[in-house]
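Structural description and commentary
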Amino acid sequence: MQKRITFDRLHNFRDLGGNRSADGRSVRRGLLYRSDSLAKLEGRDWDRFLALGVRTVIDLRYPWEIAARGRVPVSEQFTYLNLSIEHRPYDQAVIDPGLDPWRYLADRYAEVAEDGAAELRQALETVAGSTGPLVFHCASGKDRTGLLAALVLSLLGVDEDGVAEDFALTEAATDLLIADWAATHDGRTPAWPGYGRAPEEVIRLFLAGLTAEHGSVHGYVTGRLGVGDATVDALRDRLLDG
């Protein structure tokens, strides 16, 4: 199923619709998107983006990233919300190649799930309560974005295989994400050879840890995040067909 939406400067923009839930329903297409940084939108890309009818943009980056790299252009068409879910910065370009990289990333995701509880709750409540199409993004559309996508899809009843498959679609953008990094770092190559990678193992390790700690994604969301069941029901009503 084609999920990626082609832009000139965005490399990791895709529709979360089309995934199947455990009860046989499908996630509606054209309502929920994930992306790399929308600060890169301009020209024809901007026109393509506006044509999607997006009504809400959630930017998951740090405020200092936005100050340095910019944000999505201002438009009356949509509401913009900055929810910085990661609280402990780290530089993926210089991860020690001797580490188990996928375990390392999964552990960073676990930190985000703990530290960013308030922001993640607001993000989920915004997705559930929004009208019209919504997109959330970070810098590469891989880690912070991948974490939020995994939570949403899991709450919608998509099984782990489906969540992992969606996460790993970023692998198709790895070379372009590396090129973006090089363009802002004097043409250098990241010291960590796994930069830009998104294998299924990362999100599977993260989900396994979340389940071990909280019983399930639903248990984490309703317990640690404090999201009410009414919000989860609203999320499912809005994003699942049937």
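One structure accompanies this document, and this report is about it. Everything numeric here is computed off the predicted structure, so don't read it as measured data.

**Considerations on the layout of surface pockets**
In this structure, the largest pocket occupies an estimated 970 Å³ of space. Along its surface, the largest pocket is lined by 31 residues, and Glu65, Arg69, Ala139, Ser140 and Tyr195 are the ones closest to its centre. If you list the elements that add at least two residues to the lining of the largest pocket, you get helix 2 (63-69) and helix 7 (174-183). Residue classes in the lining of the largest pocket are distributed as 12 nonpolar, seven polar and 12 charged.

**A word on the nonpolar core**
Of all hydrophobic cores here, the largest spans 56 residues; its most connected members are Phe136, Ile203 and Phe206. The set of elements that each furnish at least two residues to this core consists of helix 3 (101-115), helix 4 (117-129), strand 5 (134-137), helix 5 (144-155), helix 6 (160-168), helix 8 (200-214), helix 9 (217-223) and helix 10 (229-239). When residues in this core are grouped by element, the largest group, eight residues, is from helix 5. With residues up to four places along the chain from it excluded, the contact list for Phe136 reads Leu16, Leu32, Tyr33, Arg34, Ser35, Ile58, Leu60, Thr145, Leu148 and Ala149. Core analysis: the second largest hydrophobic core is formed by 13 residues, Leu10, Leu38, Leu41 and Val54 among them.

**Focus: the packing of helix 3 against helix 4**
The N-to-C vectors of helix 3 and helix 4 enclose an angle of 80°; their axes lie 5 Å apart at closest approach. When the interaxial angle is binned, helix 3 and helix 4 end up roughly perpendicular. Along the contact surface, helix 3 presents Val112, Ala113, Glu114 and Asp115, while helix 4 presents Ala117, Glu119 and Leu120. Counted by class, the contact of helix 3 with helix 4 contains four nonpolar, no polar and three charged residues.

What counts and how
Residue indices begin from 1 for each chain and proceed along its sequence in written order. Side-chain atom pairs in this predicted model are given and counted only at pLDDT of 80 or more, local residue features only at pLDDT of at least 70, and totals for whole chains, interfaces and linings cover all residues. Each side-chain value is derived from all of the structure's non-hydrogen atoms; neither hydrogens nor water enter the calculation. Site definitions follow a grid-based scheme: protein atoms alone, a 1 Å grid, a 1.4 Å probe that fits but cannot get out for cavities, and for pockets an open set with protein on both sides within 12 Å along at least five of seven lines, plus lining residues having an atom within 4 Å of a point. Grid points are joined across faces, edges and corners, and a volume is the space filled by probe spheres set on the points. Numbering of helices and strands runs from the N terminus, with a helix taken as a DSSP run of H or I at least four residues long and a strand as a DSSP run of E at least two residues long. Put simply, Ala, Val, Leu, Ile, Met, Phe, Trp, Tyr, Cys and Pro go in the nonpolar bin, Asp, Glu, Lys and Arg in the charged bin, and everything else, Gly too, in the polar bin. In this description, a nonpolar core means a group of buried Ala, Val, Leu, Ile, Met, Phe, Trp, Tyr and Cys residues linked to one another through side-chain atoms lying within 4.5 Å. Here the term buried applies to any residue with accessible area under 20% of the maximum for its type, exposed to any over 50%, and partly exposed to those in between, with areas from a 1.4 Å probe on protein chains only. Any two residues having at least one pair of non-hydrogen atoms within 4.5 Å are treated as being in contact. Throughout, an axis means a line fitted to C-alpha atoms (over the contacting stretch in the case of helices), and angles, computed between N-to-C directions, take values from 0 to 180 degrees. Geometric relationships in this document are graded by angle, where less than 35 degrees denotes roughly parallel, more than 145 denotes roughly antiparallel, 65 to 115 denotes roughly perpendicular, and other angles denote oblique.

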